[in-house]
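Residue-level structure breakdown
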Amino acid sequence: MSYFFQIVVSGIVVGSIYALAALGLVLVYKSSRVANFAHGQIIAAGAFITFFLTVRLGVPIFFSFLASMLITFFLAMSVERIFLRRLIGEPIISVIMVTIGLASIFDGLIYLTPFGSENFSFPTFLPTESIVVGGVSISWTQLVGVIITFVLIGCFSWFFKKSTVGISMRAVSDDQFGAMSVGISVPRVFALAWATAGLSAAAAGCIIGNITGLNFETLHAFGIVVFPVVILGGLDSILGAVVAGIIMGLIQQFASGYLDGNFGLNGTGDVMPYIILLIILLFKPHGLFGIHEIERV
Amino acid sequence: MKSKTALIFNALLVIVFVFAFTLPASAGTTYKLGMSLAITGPTSDAGNPYAKGAEDWFKFVNETDYLGDGDIIDCPIRDDQYKNDTTKRFFEEFLDDGILIFLSYATGGNLALKRDFEEVQIPVIPASYHEGLIVDANYTFMPVATYSENAVSLAEYVVGKHEGTDTPKVAFFIHPSAFGRGPLEDTQKAVSLGLGIDIVEVVEHGTDLDNTAMLQRLESKGVQYVICHTVQTPVATMLTDAQRLGVTAATFGEKGKLTFLGAHYTGGSDLIALAGTATEGYIWADSYNLTSENNEGAKKQLELAERYGRDDKAANSHNYGAGILAAQIATEAIKETKKAGLKVNRENIYKTMQTLNFQSFAAAGPVTYSPTERIGVDVQNIYVAEGGVFKKIQSFESQYIQKVRADR
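Residues numbered from 1 in each chain as written. Chains lettered and ligands numbered in written order. Predicted model: local features only at pLDDT ≥ 70, side-chain atom pairs only at ≥ 80, totals over all residues. Heavy atoms only, no water.

1. Let's talk about the overall build of chain B
The helix and strand inventory of chain B stands at 14 helices and 17 strands. In terms of C-alpha radius of gyration, chain B reaches 24 Å, essentially the compact-globule figure of 22 Å for 408 residues. Dimensions of chain B, computed from the C-alpha atoms along their principal axes, are close to 105 × 40 × 40 Å. The buried share among the 408 residues of chain B stands at 57%. Within chain B, contacts between residues separated by at least 24 positions form 67% of all contacts whose residues are at least 6 apart in sequence. Accessible area of chain B: about 15800 Å², with a carbon and sulfur share of 53%. With 37 positive and 51 negative side-chain charges, chain B shows a spacing of 4 Å between the two charge centroids. (Helix = DSSP H or I, 4+ residues; strand = E, 2+ residues; numbered from the N terminus. Rg over C-alpha atoms; globule rule 2.2 N^0.38 Å. Buried < 20%, exposed > 50% of the residue type's maximum accessible area, 1.4 Å probe, protein only. Contact = heavy atoms within 4.5 Å. Areas by Shrake-Rupley, 256 points an atom, 1.4 Å probe, with all protein chains shown as cover. Lys, Arg positive; Asp, Glu negative; His and termini not counted. Charge placed at Lys NZ, Arg CZ, Asp CG, Glu CD.)

2. Let's talk about the environment of Leu133 of chain B
Residues and elements named next belong to chain B. Within the secondary structure layout, Leu133 lies in the loop between β6 (124–125) and β7 (142–144). Of the residues examined, Leu133 reaches a relative accessible area of 1% and is grouped as buried. In this structure the C-alpha to C-alpha distance between Leu133 and Trp284, which are 151 residues apart in sequence, comes to 22 Å. Residue contacts for Leu133: discarding those within four places in its chain leaves Thr107, Asn110, Leu111, Lys114, Pro126, Ser128, Thr140 and Met142.

3. Quick look at the interface of chain B and chain A
If you look at the interface, chain B gives 36 residues, while chain A gives 38 residues. Contact between chain B and chain A buries roughly 2900 Å² in total, counting both sides, with carbon and sulfur atoms accounting for 50%. Viewed at the interface, chain A and chain B are joined by one salt bridge. Salt-bridge contacts for Lys313 of chain B lead to Glu118 of chain A; the nearest nitrogen and oxygen are separated by 3.7 Å. Across the chain B-chain A interface, the total number found is 15 residue pairs in polar contact (both at pLDDT 80 or more). Elements with a minimum of two residues in the side of chain B that touches chain A: α2 (44–63), β9 (198–204), α7 (212–220), α8 (232–245) and α9 (269–275) of chain B. For the side of chain B that touches chain A, the element with the highest residue contribution is α8 of chain B, accounting for six residues. Residues that form the side of chain B that touches chain A fall into these classes: 10 nonpolar, 13 polar and 13 charged. (Buried area = accessible area lost by both parts, 1.4 Å probe. Salt bridge = Lys/Arg side-chain N within 4 Å of Asp/Glu carboxyl O. Polar contact = N/O pair within 3.5 Å; in protein donor to acceptor, adjacent residues only side chain to side chain. Nonpolar A, V, L, I, M, F, W, Y, C, P; charged D, E, K, R; others polar.)

4. Here's the deal with the sheet that holds β9 of chain B
Residues and elements named next belong to chain B. Read across the open sheet, the seven strands follow the order β9-β8-β10-β11-β12-β16-β17; overall the sheet is mixed. A strand with exactly one partner marks an edge of an open sheet, and here the two such strands are β9 and β17 (389–396). Across the sheet, the mean angle separating the axes of adjacent strands is 25° when strand polarity is ignored. Sheet topology places strand β8 (residues 169–174) next to strand β10 (residues 225–229); five bridges connect them, and they run parallel. Counterpart to Val170 in the pairing with β10 is Tyr225. Helix α5 (residues 147–161) contacts β8, β10, β11 (259–262), β12 (283–286), β16 (380–386) and β17 of the sheet and is inclined by roughly 85° relative to β17. Lying on the sheet, helix α6 (residues 178–192) is in contact with β8, β9 and β10; it crosses β9 at an angle near 170°. (Pairing = 2+ DSSP bridges. Axes fitted to C-alpha atoms, helices over the stretch in contact; angles between N-to-C directions.)

5. Focus on the sheet that holds strand β5 (residues 102–103) of chain B
Paired through backbone hydrogen bonds, the strands of a sheet run either parallel or antiparallel to each other. Residues and elements named next belong to chain B. In spatial order, the strands read β4-β2-β5-β6; together these four strands make up an open sheet with parallel pairing. Two strands in the sheet have a free side with no partner beyond their single neighbour: β4 (77–79) and β6. Taken together, the two bridges between strand β2 (residues 34–37) and β5 define a ladder with parallel strand orientation. Within β5, the position partnered with Met35 by the bridge is Leu103.

6. So, helix α1 (residues 2–32) of chain A
Residues and elements named next belong to chain A. Taking 1.5 Å per residue as the helical rise, α1 with its 31 residues ought to reach 45 Å, and the 44 Å between its terminal C-alpha atoms agrees with that figure. The axis of α1 is deflected most strongly, by about 35°, at Ala22. Arg33 sits one or two positions beyond α1 and adopts a positive phi of about 60°. (Expected span 1.5 Å × (residues − 1). Bend = angle between axes of the 7 residues up to and from the residue.)

7. A look at the nonpolar core
Membership of the largest hydrophobic core comes to 86 residues, with the highest contact counts inside it found for Tyr18, Phe48, Leu214 and Ile238 of chain A together with Leu209 of chain B. Broken down by element, this core gets its largest block of residues, 17 residues, from helix α8 (residues 186–212) of chain A. Setting aside chain neighbours within four positions, we find Leu214 of chain A in contact with Ala47, Phe48, Phe51, Glu118, Asn119, Phe120, Ser121, Phe122, Gly209 and Leu219 of chain A together with Leu274 of chain B. Core analysis: the next-biggest nonpolar cluster, separate from the first, contains 61 residues, Ala305, Ala330, Ala363 and Val377 of chain B among them. (Core = buried A, V, L, I, M, F, W, Y, C linked by side-chain atoms within 4.5 Å.)

8. What about the UniProt feature "transmembrane region" (unreviewed entry) in chain A?
All names here are of chain A. With numbering matched to this structure, UniProt assigns "transmembrane region" (unreviewed entry) to residues 6–29, 36–55, 61–79, 91–111, 131–160, 189–212, 224–251 and 263–283. Helix makes up 70% of residues 131–160 and strand 23%, with an end-to-end C-alpha separation of 34 Å. Annotation note: span residues 224–251, helix share 82%, strand share 0%, distance between end C-alpha atoms 18 Å. (UniProt positions renumbered as here; feature names shortened; annotations may be inferred.)

9. Considering the side chain of Arg244 of chain B
By secondary structure assignment, the location of Arg244 of chain B is in helix α8. What makes Arg244 of chain B buried here is its relative accessible area of 7%. Setting aside its immediate chain neighbours within four residues, Arg244 of chain B contacts Gln6, Ser130, Ser137, Ile138, Ser139 and Gln142 of chain A together with Asp210 and Thr212 of chain B.

10. What to know about the pairing of β2 of chain B
Residue and element names in this part refer to chain B. On β2, burial covers both faces: Gly34 and Ser36 on one face and Met35 and Leu37 on the other are all buried. Note: β2 against β4, three bridges, orientation parallel. Its bridge partner lying in β4, Ser36 is registered against Arg78.

11. Thoughts on the pattern of salt bridges
Summed over all chains, the structure comprises 28 salt bridges over all chains. For Glu80 of chain A, the salt bridge goes to Arg85 of chain A, with nearest N and O atoms at 3.2 Å. For Glu80 of chain A, a relative accessible area of 1% gives the class buried. Judged by its relative accessible area of 22%, Arg85 of chain A is partly exposed. Connected through salt bridges with shared partners, the residues Glu131, Glu149, Asp186, Lys189, Arg405 and Arg408 of chain B form a single ionic network.

12. Examining the packing of aromatic side chains
All names here are of chain A. A full pass over the atoms with the stated rule returns 39 aromatic pairs over all chains. With centroids separated by 5.4 Å and ring planes inclined at 55°, the aromatic side chains of Phe4 and Phe254 adopt a geometry described as tilted. A residue pair is termed long-range when its members are at least 10 positions apart, and Phe4 in helix α1 and Phe254 in helix α11 (residues 238–259) qualify at 250 residues. Taken together, a centroid distance of 5.9 Å and an interplanar angle of 90° make the contact between Phe51 and Phe115 edge-to-face. One end of the pair, Phe51, is in helix α2 (residues 39–56); the other, Phe115, is in the loop between α4 (92–111) and β1 (130–133), with 64 residues separating them in the sequence. (Phe/Tyr/Trp six-rings, centres within 6.5 Å; stacked < 30°, edge-to-face > 60°.)

13. Thoughts on α5 of chain B
Taking 1.5 Å per residue, 15 residues should reach 21 Å; α5 of chain B reaches 21 Å between its end C-alpha atoms and fits that length. Most of α5 of chain B is tucked away: 12 of the 15 residues are buried.

Here it is in structure tokens:
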């Protein structure tokens, strides 16, 4: 039985990290209807900034973590200001193409540094022993990762529901022209959406980097790995990202735990989430929590 | 008239000066080679130090007149970012430049160009040690033992060290590609030819954040040994998870626990950088001499790195040593061709390479090619991670890989 619960715990751990990594995609899409293909590069940048501050400059890791979130906050805001602001009102596909171009530019910039082609790891700052309860084990790295994920998701949920800026962002997401007509600055909302996405990406990067080690290819791949999570949850739903992340994590772990190595199957942990995704999308094309928009023609 | 003479004299002086400063320092021959590999992009953690090793060796050759007569090697190193189409383009450009030897990189790129190498009849030194590159191929000269040789050797090592009368239960943890599957297939052939292991499960990994389910499943199936053939990052995540779950064997083959072993690209200082203490006890098969061995070869590698201002990370990487060895093979081929009094062209270099035999400080054993043998260094070292470095346990030459090859 502990095997079953171990898989549940692992699924929740993996799923919540997926959710955090997916959050940035949701935030940008929610406000601007744009799928950001440079999200993985921002995840990697956040992790490397934390590493640089901690290891090269000797800043305590907790402060490095906060500082990297702050830096990526302004980095993503600058990206929006420089490259994307002038595309407001242009076809969405143009904006998406720009994000693909940005991904290439970020790749190139990171390749110019040692982070583009070397492996690193964060210094050990948490106990290396696991926490074992009833035969179910979880590492401190994972536990802290899950806690940070839920704290951040809680903060973002509160921000969107209660704060004036958050409500403005939701308004822009619902109807740009309507929001403008009541005095909301759409460009400012876009900038904030990108900035908060950058902030969450840095947090995700640090947590993933602490688990897998710091390798640029591995880190930026998560920008793509979490796309199914976002699609399953609904592109514009934070709750959807959380629920879908955990569903994906659980499916992956259960498939790996119970199907792989049996019945001649292998690698189902990677495939099953996509199969389930396709099945769910057959019935709910906008994802589990996505808004089904009906346009009157 | 006087001023006209002075003008002509001055003009001649200028011409002499211009020629004096524009003529190459070397009056000898320039031998052109070409190298394409991933300095950035996927697997560049290996490709980057590999490129540095090759670059430093060629610089050293040119600066010390290693080839004699002022001859130098010109080897442009180009970044293909692990893209096969880019590798192919670079290869074609290099051919137009008249290169003598192509120093290539990835398994995919080499497999894609395998027929081209044979058609063009150009000697190739790859950074991929995939066995398939030398099957039905004459022009590919593998620098060291193949991945298959690594995997089969590790399986043989397990058989030799396993305590108890039961057949050791082994799982394979591999990259989901031809690169990962090739060594598995050869190990399966070795098993069918009598190698005494039971391959209980094969895991083709993905981008995993948690390997708990997989590790517990392997344990429940009685697996004692996990042989890895992939790159370092997934191995590092698996080792960290195994440490957390307490399933890592404290001693080799400890009952009820998992002993992890791996081939060339799974180990090295990068694995330790990624997985830290979770690497302890990891067994690694590799044909390179590590700087942690602190022997004469290691000192020479470190001296070369220091001479060209490389940082500790690059200097101590086995991939830096691999780049040096590839460059050394090309250099020795040119040198021996010259020594034999032959014209240095592709055809004669190919002939020379078939009997090339020399000792490299970067390798675990001598480079020995023959007309029927396309693997340079047959010897492998079995290393174990201990105290944050890999230490040599013993040298190893696989017996079963010969049987597998004979059975093809």
